[in-house]
Amino acid sequence: IQELGYIENSDTQVLAVRRDKLPPNHSDFPETLNLLAKVYEKQERSEEAEILYSEAKEFNERTLGYAHPQTAFSYNNLAKIYQKQKRYKDAESLFQKAIEILKEAEILPSAGWCLRNLAVLYAEMQELVRARTFFQEAVEILQKCLPAEHPYVLQCKKDLDYL
């Protein structure tokens, strides 16, 4: 949305148009919610981002089911907002759900990155032993499925070294 040059006042107009023009269960709708939420997140409007991420999560749960990878991505996005709001237990639960779904679906790069996100959460909570464990698991998974120079691998290693 931001890339298309929409001004801030029109962002909700874009969402309203998508709501009106797309069929009720159209798969593009949660993507629209996530893109707008990402814009809000970058603008540090976390409460507005939370509303949209929650709506995308609920849409995906209703239309795709609780065990669908797209639902897992919704869990991860919402968990990151909860983390920013210091709602650690809510964030932890959603990260764990996302990881479980992505591992089951064998989408290992995303599972590894969600593990990294969970490790960051634990580090922020000062649970350093748990953080180290999840950083290590994330590095192992990411190294198995991505090139050594991939940004996810490099960032995860950097995070682990910093811890």
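Above this note sits the structure.
These lines cover the structure that appears in this document, whether it is placed above or below. (Residues numbered from 1 in each chain as written. Predicted model: local features only at pLDDT ≥ 70, side-chain atom pairs only at ≥ 80, totals over all residues. Heavy atoms only, no water.)

### Some words on the overall build of the protein
Counting its regular elements, the protein contains eight helices and zero strands. Ordering the α and β elements of the protein from the N terminus gives α-α-α-α-α-α-α-α. By the burial criterion, 45% of the 163 residues in the protein qualify as buried. Partitioning the contacts of the protein with sequence separation of at least 6, the portion at a separation of at least 24 is 52%. (Helix = DSSP H or I, 4+ residues; strand = E, 2+ residues; numbered from the N terminus. Buried < 20%, exposed > 50% of the residue type's maximum accessible area, 1.4 Å probe, protein only. Contact = heavy atoms within 4.5 Å.)

### Some thoughts on helix 2 (residues 28–42)
Its 15 residues place the ends of helix 2 21 Å apart at the C-alpha level, agreeing with the 21 Å of an ideal helix rising 1.5 Å per residue. All of the buried residues in helix 2 are Phe29, Pro30, Thr32, Leu33, Asn34, Leu36, Ala37, Val39, Tyr40 and Glu41. Looking one or two places after helix 2, you find Glu44, whose phi comes out positive at around 60°. (Expected span 1.5 Å × (residues − 1).)

### Examining the environment of Glu127
Position of Glu127 among the secondary structure elements: in the loop between helix 6 (108–124) and helix 7 (128–145). In this structure the side chain of Glu127 is engaged in a polar contact, spanning 2.7 Å, whose partner is the side chain of Arg130. (Polar contact = N/O pair within 3.5 Å; in protein donor to acceptor, adjacent residues only side chain to side chain.)

### Some points on the side chain of Thr71
Following the sequence through the fold, Thr71 ends up in helix 4 (residues 69–84). Here Thr71 is in contact with Asn60, Glu61, Leu64, Gly65 and Tyr66, once residues within four sequence places are set aside.

### Overview of the nonpolar core
Counting 45 residues, the largest nonpolar core has Leu118 and Leu121 as its most contacted members. Of all the secondary-structure elements, those providing two or more residues to this core are helix 2, helix 3 (46–63), helix 4, helix 5 (88–104), helix 6, helix 7 and helix 8 (151–162). No other element matches helix 6, which puts nine residues into this core. (Core = buried A, V, L, I, M, F, W, Y, C linked by side-chain atoms within 4.5 Å.)

### Some points on the packing of helix 6 against helix 7
Where helix 6 contacts helix 7, the two axes come as close as 8 Å, and the packing angle between them is 160°. Judged on the interaxial angle alone, helix 7 and helix 6 are roughly antiparallel. When you trace helix 6 past helix 7, the crossing you get is left-handed. Contact residues: helix 6 offers Leu108, Pro109, Gly112, Trp113, Leu115, Arg116, Leu118, Ala119, Val120, Tyr122 and Ala123, while helix 7 offers Leu128, Arg130, Ala131, Phe134, Phe135, Glu137, Ala138, Ile141, Leu142 and Cys145. By residue class, the composition of the contact of helix 6 with helix 7 is 17 nonpolar, one polar and three charged. (Axes fitted to C-alpha atoms, helices over the stretch in contact; angles between N-to-C directions. Parallel < 35°, antiparallel > 145°, perpendicular 65-115°, else oblique. Left-handed = near helix turned anticlockwise from the far one by under 90°. Nonpolar A, V, L, I, M, F, W, Y, C, P; charged D, E, K, R; others polar.)

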